[in-house]
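# Observations on the three-dimensional arrangement
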Amino acid sequence: MAGVLSPRETGRLIAETSKDVSICTDGIKKTAQVVFDHVKKDAFSVKSWKEHELNPKTMDKAAVDWVFLADTLNFSFYSDDETKKYSVEYGGKKHTGYWSLCAAINRALDDGIPITDPNYYASISQEKLASILRSDTDYNIPLLDKRVEVLHEAGSVLLKKYDGSFINCIKQSEKSAQSLLKLVVEDFPAYRDEAEYNGKKVAFYKRAQILIADVWGCCEGQGYGEFNDIDTITMFADYRIPQCLVYFGALKYSDDLLQTLRKDVNIENGDRLEMEIRGCSIWATELICEETKKLLAADPQTADADINAILVDHYLWDYRREKADEMRNIPFHKTRCIYY
Ligand SMILES: Nc1nc2c(c(CN[C@H]3C=C[C@H](O)[C@@H]3O)cn2[C@@H]2O[C@H](COP(=O)(O)O)[C@@H](O)[C@H]2O)c(=O)[nH]1
């Protein structure tokens, strides 16, 4: 990480110099009001992570191993052909996108396959992974070959350096999210989500940060999930939150960018447009979080409620899922890569 801007500073830099993506103060305030209303109504907190039916319900090593596997594969679920979707049925429900991955992991575990054990996935064959992640439609998970590669890499590093479990990475980080972030991006190259912007080395670290956030959420901020600097983690620069931020008017795309996105072309990872979307999303979420904190502090009923960029992100991500139909006219950027 030496000489690389942190995700927060990356967001600030890109927001200051971006040409095709701008941050709108009215939209920031509007989004903060929506987040504030939700926190006030539903007591949204670190405990909300577990309410998702597919997420682990324990707070032990098995749950952390599950989170590490899921976030090692947590990228690129969108279809090239919008009429088809990668989908996995589990618990009587059809799951799509990211949730299909979770459903497939749980399906494998139910079938007695030790998919969360690095002794198993460090040498898994492409055929075996294809079977484990198989879709219930004729559209399979994208980038299967890359998924095998990242599992081999992650599994062998865990076995060689961390006695076969991510809990030992957590222990070594001594309750510091930033130390854990540094460890993950240094030792697990597939998490090294970096680029160059206007001659500067920048970092988005989407999967490394969501990995830490998911451990925090899964363990409700205790035990393996106890981090004294968790609020320094930024939102996770994926391809869904930007859609939501545009929907709320917090982000505005130039006509040129909208036209490009509507052509449904793949934008390369590291392209200026892709970095402007991701960087401005990080900075807009930081601003929304600050605004939400002010609203919470000003209301006696919520004066002691906690909020951070992780919780704002999760709320917006879940919101986008629920309102997918309302947002279908807002294009998302398609960047086929292993980073998000
Ligand atoms: N920024 C952000 N990106 C997130 C998530 C999650 C899942 N988190 C869940 C777990 C607990 C929380 O409460 C969330 O419910 C997945 N992704 C990313 O989205 C994309 C997949 O989208 P779709 O094709 O629609 O499934 C893909 O890039 C994936 O990496 C998040 O939380 N934040």
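Every value quoted in this text rests on a predicted model; they were computed, and no experiment measured them.

### Observations concerning the overall build of the protein chain
Within the protein chain, the regular secondary structure consists of 14 helices and six strands. Along the longest, intermediate and shortest principal axes, the C-alpha atoms of the protein chain span 50 × 45 × 45 Å. Residue pairs in contact within the protein chain that sit at least 24 positions apart in sequence constitute 76% of those at least 6 positions apart. Carbon and sulfur atoms provide 48% of the accessible area of the protein chain, an area that totals close to 14400 Å². Within the protein chain, the 55 negative side-chain charges are centred at a point lying 2 Å from the centre of the 44 positive side-chain charges.

### Comments concerning the packing of helix α3 (residues 61-72) against helix α7 (residues 144-161)
Axis separation between α3 and α7 bottoms out at 10 Å; the angle between their running directions is 145 degrees. Crossing of α3 over α7 shows right-handed handedness. Side by side, α3 and α7 meet where Phe-68, Leu-69 and Thr-72 of the first sit next to Val-150, Leu-151, Ala-154 and Leu-158 of the second. Grouping the amino acids of the contact of α3 with α7 by side-chain chemistry returns six nonpolar, one polar and no charged.

### A closer look at the pattern of salt bridges
Tallied over the full model, the rule gives 20 salt bridges. Residues Arg-12 and Glu-9 are paired through a salt bridge, measuring 2.9 Å at the closest nitrogen-oxygen approach. Of this pair, Arg-12 and Glu-9 both sit in helix α1 (residues 7-17), separated by three residues, roughly a single helical turn. Since its relative accessible area comes to 30%, Arg-12 is described here as partly exposed. A salt bridge links Asp-299 to Lys-40, with the nearest nitrogen and oxygen atoms 2.5 Å apart. Linking Asp-299 in the loop between α13 (272-298) and α14 (309-322) with Lys-40 in helix α2 (residues 25-42), this pair joins segments that are 259 residues apart in sequence.

### Digging into the side chain of Asn-308
Position of Asn-308 among the secondary structure elements: in the loop between α13 and α14. The residues touching Asn-308, leaving out its near neighbours within four places in the chain, are Trp-216, Ile-230, Asp-231 and Cys-289.

What counts, and at which threshold
- Residues numbered from 1 in each chain as written.
- Predicted model: local features only at pLDDT ≥ 70, side-chain atom pairs only at ≥ 80, totals over all residues.
- Heavy atoms only, no water.
- Helix = DSSP H or I, 4+ residues; strand = E, 2+ residues; numbered from the N terminus.
- Contact = heavy atoms within 4.5 Å.
- Areas by Shrake-Rupley, 256 points an atom, 1.4 Å probe, with all protein chains shown as cover.
- Lys, Arg positive; Asp, Glu negative; His and termini not counted.
- Charge placed at Lys NZ, Arg CZ, Asp CG, Glu CD.
- Axes fitted to C-alpha atoms, helices over the stretch in contact; angles between N-to-C directions.
- Left-handed = near helix turned anticlockwise from the far one by under 90°.
- Nonpolar A, V, L, I, M, F, W, Y, C, P; charged D, E, K, R; others polar.
- Salt bridge = Lys/Arg side-chain N within 4 Å of Asp/Glu carboxyl O.
- Buried < 20%, exposed > 50% of the residue type's maximum accessible area, 1.4 Å probe, protein only.

In short, shape yes, function no, at least from these values alone.
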